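# Inside the fold
The chain contents come next:
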Amino acid sequence: MTDSLEWIAVVSLVVAFVSFVVVAGDIALGRRQHMWIMNLVWPLTMLYAGPIGLWAYYSFGRRKAHGAGHAMTDARGSMKPKSPGWRAVATGTLHCGSGCTLGDIVGESLVGAAGWTLAGKAMWAAWIVDFLFAYFFGIAFQYFAIKPMRQLRPAQALIAAVKADTLSLAAWQIGMYGWMAIATFAIFERELDKSGPLFWFMMQIAMLCGFVTSVPANWWLIRAGIKERM
């Protein structure tokens, strides 16, 4: 079973990398997003979503490359209390997930290279480091979305980014950590080698679980006007 999963893992990672190249190349060739941070979000999404991410990009992400605004405003420029559609929620959740993805790649690689453990397990140490990096990148991604859209001063934009990303990130990490705990303690009954394809395949699945658990939080954040519609 493990050998078969290893091959599936390799195929999944290769497909994800090809998807990353396709989207990054499409953007580089001129299909720039209206919001520049999304030029990073979409390629990063491909690293865990693969074909699903490609479908999302070509279904509703790519069309925004030459679009106008994404949020409905009244005559004074304030947000209308309109419930966000599924595409707005999905895009907002992917925006959160891209920061998590980048943070988890950096965090897991750092813990694996340094050999850090907590209570005898590398996973506990990785979860702490992952969260810190994911939170940092998540707030940075939110900052560069909120600041230009709301035309805020740096300090105001940073506070708004923290408000927009904290709940979303926490909800994402619940799904991600939940799956990795299942994989570690129930499926394989051991910690997986961080340098092997099977670990990163499990991380891909974990990211998809994180997307699912983060959707309700992102719906509420966008509905409440705390998070911008991407």
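This text follows the structure it describes.
What counts as what
- Residues numbered from 1 in each chain as written.
- Predicted model: local features only at pLDDT ≥ 70, side-chain atom pairs only at ≥ 80, totals over all residues.
- Heavy atoms only, no water.
- Helix = DSSP H or I, 4+ residues; strand = E, 2+ residues; numbered from the N terminus.
- Contact = heavy atoms within 4.5 Å.
- Salt bridge = Lys/Arg side-chain N within 4 Å of Asp/Glu carboxyl O.
- Buried < 20%, exposed > 50% of the residue type's maximum accessible area, 1.4 Å probe, protein only.
- Core = buried A, V, L, I, M, F, W, Y, C linked by side-chain atoms within 4.5 Å.
- Patch = residues over 30% accessible without salt bridge, like charges linked within 9 Å, V, L, I, M, F, W, Y side chains within 5 Å.
- Areas by Shrake-Rupley, 256 points an atom, 1.4 Å probe, with all protein chains shown as cover.
- Phe/Tyr/Trp six-rings, centres within 6.5 Å; stacked < 30°, edge-to-face > 60°.
- Axes fitted to C-alpha atoms, helices over the stretch in contact; angles between N-to-C directions.
- Left-handed = near helix turned anticlockwise from the far one by under 90°.
- Nonpolar A, V, L, I, M, F, W, Y, C, P; charged D, E, K, R; others polar.

### Looking at the overall build of the protein chain
Counting its secondary structure elements, the protein chain contains 7 helices and 0 strands. Secondary structure elements in the protein chain, listed N-terminal to C-terminal, are α-α-α-α-α-α-α. When the backbone C-alpha atoms are referred to their principal axes, the protein chain occupies close to 60 × 35 × 30 Å. Looking at the protein chain alone, contacts between residues at least 24 apart form 74% of all its contacts between residues at least 6 apart.

### Here's the deal with unusual backbone geometry
Positive phi outside glycine occurs at A119, with the angle close to 55 degrees. Assignment of secondary structure puts A119 in the loop between α4 (86–114) and α5 (122–150). Although it is not a glycine, E189 adopts a positive phi angle of roughly 55 degrees. Relative to the helices and strands, E189 resides in the loop between α6 (154–187) and α7 (197–223).

### Some remarks on the pattern of salt bridges
In total, this model carries 3 salt bridges according to the counting rule given. Two residues, R62 and D26, come together in a salt bridge whose shortest N-O distance is 2.7 Å. Taken as a pair, R62 in the loop between α3 (51–61) and α4 and D26 in helix α1 (residues 2–28) lie far apart in primary sequence, 36 residues in all. For R62, a relative accessible area of 25% corresponds to the partly exposed category. A salt bridge links R150 to E228; its shortest N-O distance comes to 2.4 Å. Placement of R150 in helix α5 and of E228 in the segment after α7 is noted, with a sequence separation of 78 residues between them.

### Here we look at the nonpolar core
In this structure, W42, M180 and M202 are the most contacted members of the largest nonpolar core, which totals 42 residues. Looking at this core, the elements that each hand over two or more residues are α1, α2 (38–49), α3, α4, α5, α6 and α7. Other than its neighbours up to four places away in sequence, M180 contacts M123, W127, F199, M202, M203 and A206.

### Points about a nonpolar patch on the surface
Taken together, the side chains of W7, V10, V14, F17, V18, V21, V22 and Y58 present a nonpolar region at the surface, about 770 Å² in accessible area. Ranked by the residues each element gives to the nonpolar patch, the list is headed by α1, at 7 residues. Its location among the elements puts W7 in helix α1.

### As for the packing of aromatic side chains
This structure, assessed with the given rule, holds 18 aromatic pairs. With 6.2 Å between their ring centres and 80 degrees between their planes, W55 and F60 make a pair best called edge-to-face. A ring pair is formed by F199 and W200, whose centres lie 5.1 Å apart and whose planes are at 85 degrees; its orientation type is edge-to-face. What makes F199 buried here is its relative accessible area of 5%.

### Remarks on the packing of α6 against α7
Packing of α6 against α7 brings their axes to within 7 Å, and their N-to-C directions diverge by 145 degrees. As for how α6 packs across α7, the hand of that crossing is right-handed. Here the residues of the contact of α6 with α7 sort into 19 nonpolar, 6 polar and 1 charged.

### Some thoughts on the environment of L221
Along the chain, L221 falls in helix α7. Assessed through its relative accessible area of 1%, L221 is described here as buried. Each C-alpha atom of the pair L221 and A56 lies 21 Å from the other, and the pair is 165 residues apart in sequence. Those residues in contact with L221 that lie beyond four places of it in its chain are K163, A164, L167, S168, I226 and K227.

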